[in-house]
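Given next are the chains, with one letter for each unit.
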Amino acid sequence: MQEGRVLSTREVNRDLLRSILDTPRWFWPVVTVLGLILLIAAIAVGIMVNRGLGVTGLNRPVAWGFFITNFVFWIGISHAGVMLSAILRLAKAEWRRPATRAAEVLTLFSLMTAMVMPIVHTGRPWRILYWVFPYDFARGIWPNIRTPLVWDPSAILTYLTSSTLFVAIALIPDFAVLRDHTTGIAHRVYSVLAMGWEGNARQWKLQIVAGVLLSALILPVFVSVHSIVSWDFGMAVAVKSWHSTVFAPYFVVGAVHSGVSAVAFALILLRWCYGWQDYIRHEHIDALGRLLIVVATGWFYFLVMEILFGMYGREADELMVRQTQFTYWPYNFWFILFVITTYFIPVALWLSRAWRRNLWIMSIACISVNVGMWLERFLIIVPGLINKQLFTFVWADYRPSIFEYIIIGSTFALVTMLMLLFSRVFPLVPLYDVKEGDVLKTQVQIGRRTVPATFRED
Amino acid sequence: MVTSRIDHKWGMVVDLDRCNGCQACVIACQVENNIPINDKNAFLQNRAYEWIRVERYWEGEYPNIKARFIPVMCQHCQDAPCEPVCPVFATYHNDEGLNVQIYNRCVGTRYCINNCPYQVRFFNYWHPNWPERMQNQLNPDVTVRTRGITEKCTFCIQRIRRGQLQVERRGGGELNDATLKSGNHMPACVQACPTNALTFGDQNDVHSPVQPYFEDVNRYNIHHEKERKTRGYRVLEEMNTRPNVIYLKKVDPNLDSSGGHHG
């Protein structure tokens, strides 16, 4: 039932390796601009480390601000990887095929970017090693396993490892194709990476078994990573609006919401950049849109629940936070913008089939979701801290400084640049998966009707 | 010569009836603990350091308006929310009931600051600076904290340690109320308080002036607050952090029964 032309293997190879075998004219200028942004950010981080966190807008009640917001945001984006590759693979959703690699790679890079955030936000980032790794045995001090800040690196590093394996295993057949298409040093490098792939039956079987196994094993990670990130807030007894049991599922669904939107937008960009119209087709974007309606609505339910729980308790300090979110400038503006951009604009756009297939409208919807989800984290973290407790004596507002804006902005440049550089070396749309889909989509005759063939991955 | 350790559990009682908001404790604390000088910028940036602060609240309507003062320092909670969230054990509970901060371990995640319901933890956003002429007034017994770490009230642990050294380890008996006072081993804020609103002592010592208050408040928890024999209560008691600081309610014979509540 898939649309689009049936392409020969040769055509698939030619089109999908285009990003590697020849460099588009825009590639290096774009990478240079992104690199310059990163250079500015590196200088900003350098100044911040050199002079202290005083250069940020953080203050006494608001000890966490933009950096942690951005950390949660990128962890959220990373959830698209498992969602698309593992869950849709196990659910046998056929339309996932071209999206899996991009989603997984986006997962890798957004996780790496996210991990930078809590490190630069600490007071003494050069000592962070002994927070994440229990290396200092001589002193007899191990990391405190009671804190979510130690669960975080464990969860994130587990996720990073399993995602890397996932990408690596899926890449092996594609490396073999690249090995056959290149010469010289590139040929030698791809030969090593292909690990002697010949495409025989045994190798395919092992590759598929490994993929399915990893899909299943990665599922707990899918639930746990963002749950644990949410516990950074949920475990904080002193911040009333954070101390909520609904945070784990709320954050996980929100992560899928923003992550899948980001992947849809990345796919549209890739299609436009590299001319992959035959591979990233309207039906794929359409399917992502339909999935997102469900995810967004689930997320909206949790949003309403979270506010409802907060109001229901009628604790003065929690109500104060809600009052800040709903009525105080500028948080009331951000709150309205957040609800509209995260739910009402995108879902309204996704409801129409024609609009789901319009890439411009789809892009707007996906960007809108991510603007809203960034604001969501900001609105959870900052108003919660501004009016943290009943001691009104120490309330204060938060004005992020230029350093924070630069560093936050650069994370987007970093992920984009890593994605572009990756696409220069590795195929961002899995060749073998697309070919497999092409083989499997041939139609079969049942009685007098022609129906799409169903198939199993075994 | 190491003698056997005496089992202390330090505590403080703050009598709000005696506090007149003079801020002498704040100044004594700044001087004793090498706290950077809070200049105008520190307040404008909301980054002032006040290990002990005197909060002022207005109560009632004109002309029956009253200023209420409450000194807030680290409550040294027995179930401190700041302790379990530190990834590097920079803050932990020692065996004398104190919540202590180890500056060398701190990496500055600021999670403890978020998780402190009393807002008494302070982050060094800038490197602390003193004017040249004030360098010599720094207390040699107290670490000067670098930027990027969290600090807070220690109950002047350097004074307690000095007391233990001078009294207990030299065979002078126990560090009790009398020896604390005679050697100035109580916290600087307690020493400086002109109205004796602050009392410091050992909860385990039956002769200590703080002991009856702790016993009373511990016996009748928040659900039996009405049965307490003393005026003692703990701040944010409903959070069950079990602070080692007890406040005594203000006695106000002229308080209008319809307006406001005891602070």
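Residues numbered from 1 in each chain as written. Chains lettered and ligands numbered in written order. Predicted model: local features only at pLDDT ≥ 70, side-chain atom pairs only at ≥ 80, totals over all residues. Heavy atoms only, no water.

Chemist: Help me understand the sheet that holds strand β1 (residues 10-15) of chain B, please; the structure alone is not making it clear to me.
Modeler: Two pairing modes exist for strands in a sheet, parallel and antiparallel, and in both the strands are linked by backbone hydrogen bonds. Residues and elements named next belong to chain B. The sheet built from four strands is open, its strands ordered β8-β1-β10-β9 with mixed pairing. Strands with a single pairing partner mark the edges of an open sheet, and in this sheet they are β8 (198-202) and β9 (232-233). Across five bridges, the pairing between β1 and β8 is antiparallel. Among the inter-strand pairings, Val14 is bridged to a residue of β8, identified as Leu198. (Pairing = 2+ DSSP bridges. Helix = DSSP H or I, 4+ residues; strand = E, 2+ residues; numbered from the N terminus.)

Chemist: In this structure, what is going on with the packing of helix α4 (residues 66-90) of chain A against helix α16 (residues 402-425) of chain A? I would like to understand it.
Modeler: Packed helix pairs are specified by the crossing angle of their axes together with the interaxial distance, meaning the distance between the axes. Residues and elements named next belong to chain A. Closest axis-to-axis distance for the α4/α16 pair is 10 Å, and the angle between their directions is 20°. As judged from the angle between their axes, α4 and α16 are roughly parallel. Judged by the twist between their axes, the crossing of α4 over α16 is right-handed. Where α4 abuts α16, its residues Phe66, Phe67, Asn70, Phe73 and Trp74 lie against Glu404, Tyr405, Ile407, Ile408, Thr411, Phe412 and Val415. (Axes fitted to C-alpha atoms, helices over the stretch in contact; angles between N-to-C directions. Parallel < 35°, antiparallel > 145°, perpendicular 65-115°, else oblique. Left-handed = near helix turned anticlockwise from the far one by under 90°. Contact = heavy atoms within 4.5 Å.)

Chemist: Please explain the interface of chain A and chain B as it appears in this structure.
Modeler: Frequently, the measure chosen for interface size is the accessible area removed from exposure when the parts meet. Across the contact, 54 residues belong to chain A and 46 residues belong to chain B. Interface of chain A and chain B: buried area, both sides summed, is about 4,000 Å²; carbon and sulfur atoms make up 55% of it. By the criterion of area lost to chain B, the three top residues of chain A are Arg60, Arg124 and Phe391 of chain A, representing 21% of everything that side buries. Here chain A is connected to chain B by one salt bridge. Two residues, Glu50 of chain B and Arg60 of chain A, come together in a salt bridge whose shortest N-O distance is 3.8 Å. Remark: the boundary between chain A and chain B carries 29 residue pairs in polar contact (both at pLDDT 80 or more). Sorting the residues of the side of chain A that touches chain B by element identifies α3 (27-51), α6 (129-132), α7 (148-181) and α9 (201-234) of chain A as the ones contributing at least two each. Of the residues belonging to the side of chain A that touches chain B, the class tally is 32 nonpolar, 13 polar and nine charged. (Buried area = accessible area lost by both parts, 1.4 Å probe. Salt bridge = Lys/Arg side-chain N within 4 Å of Asp/Glu carboxyl O. Polar contact = N/O pair within 3.5 Å; in protein donor to acceptor, adjacent residues only side chain to side chain. Nonpolar A, V, L, I, M, F, W, Y, C, P; charged D, E, K, R; others polar.)

Chemist: Can you walk me through helix α11 (residues 282-313) of chain A in this structure?
Modeler: For an α-helix, the turn length of 3.6 residues means that residues three or four places apart are oriented alike. Taking 1.5 Å per residue as the helical rise, α11 of chain A with its 32 residues ought to reach 46 Å, and the 46 Å between its terminal C-alpha atoms agrees with that figure. Positive phi appears at Arg314 of chain A, one or two residues downstream of α11 of chain A, with a value of about 55°. (Expected span 1.5 Å × (residues − 1).)

Chemist: Can you help me understand the packing of aromatic side chains in this one?
Modeler: Centre-to-centre distance and the angle between the planes together describe a pair of aromatic rings. For the coordinates displayed, the defined rule picks out 43 aromatic pairs over all chains. Measuring from ring centre to ring centre gives 4.9 Å for Phe326 of chain A and Phe335 of chain A, while their planes differ by 70°; the resulting arrangement is edge-to-face. Residue classification places Phe335 of chain A among the buried positions, given a relative accessible area of 13%. For the cation-ring pair, Arg110 of chain B lies above Phe123 of chain B, with the distance from its terminal atom to the ring centre recorded as 4.8 Å. (Phe/Tyr/Trp six-rings, centres within 6.5 Å; stacked < 30°, edge-to-face > 60°. Buried < 20%, exposed > 50% of the residue type's maximum accessible area, 1.4 Å probe, protein only. Lys NZ or Arg CZ within 6 Å of the ring centre and 35° of its normal.)

Chemist: Would you take a moment to explain the side chain of Asp152 of chain A for this structure?
Modeler: Residue and element names in this part refer to chain A. Examined against the element boundaries, Asp152 turns out to sit in helix α7. One buried charged residue, Asp152, forms no salt bridge at all, with the nearest opposite charge on Arg377 at 13 Å. In this view, Asp152 contacts Phe71, Ile228, Val229 and Asp232; residues no more than four positions away in its chain are not counted. (Lys, Arg positive; Asp, Glu negative; His and termini not counted.)

Chemist: Is there a simple way to explain the pairing of strand β10 (residues 245-248) of chain B in this structure?
Modeler: A regular strand carries its side chains on alternate faces of the sheet. All names here are of chain B. Residues Val245 and Tyr247 of β10 are buried on one face, and the alternating residues Ile246 and Leu248, pointing to the opposite face, are buried as well. Sheet analysis places β1 next to β10, joined by four bridges and oriented parallel. Residue pairing in the sheet places Asp15 in a bridge with Leu248 of β10. Looking at chain direction, β9 and β10 are connected through two bridges and run antiparallel. Looking at β10, one finds that Tyr233 is bridged to Tyr247.

Chemist: I keep staring at a nonpolar patch on the surface and nothing clicks. Help me out?
Modeler: A cluster of nonpolar side chains, contributed by Leu36, Leu39, Ile43 and Ile47 of chain A, occupies part of the molecular surface with about 360 Å² of accessible area. Note on placement: Ile43 of chain A falls in helix α3. (Patch = residues over 30% accessible without salt bridge, like charges linked within 9 Å, V, L, I, M, F, W, Y side chains within 5 Å. Areas by Shrake-Rupley, 256 points an atom, 1.4 Å probe, with all protein chains shown as cover.)

Geometry only, nothing functional implied.
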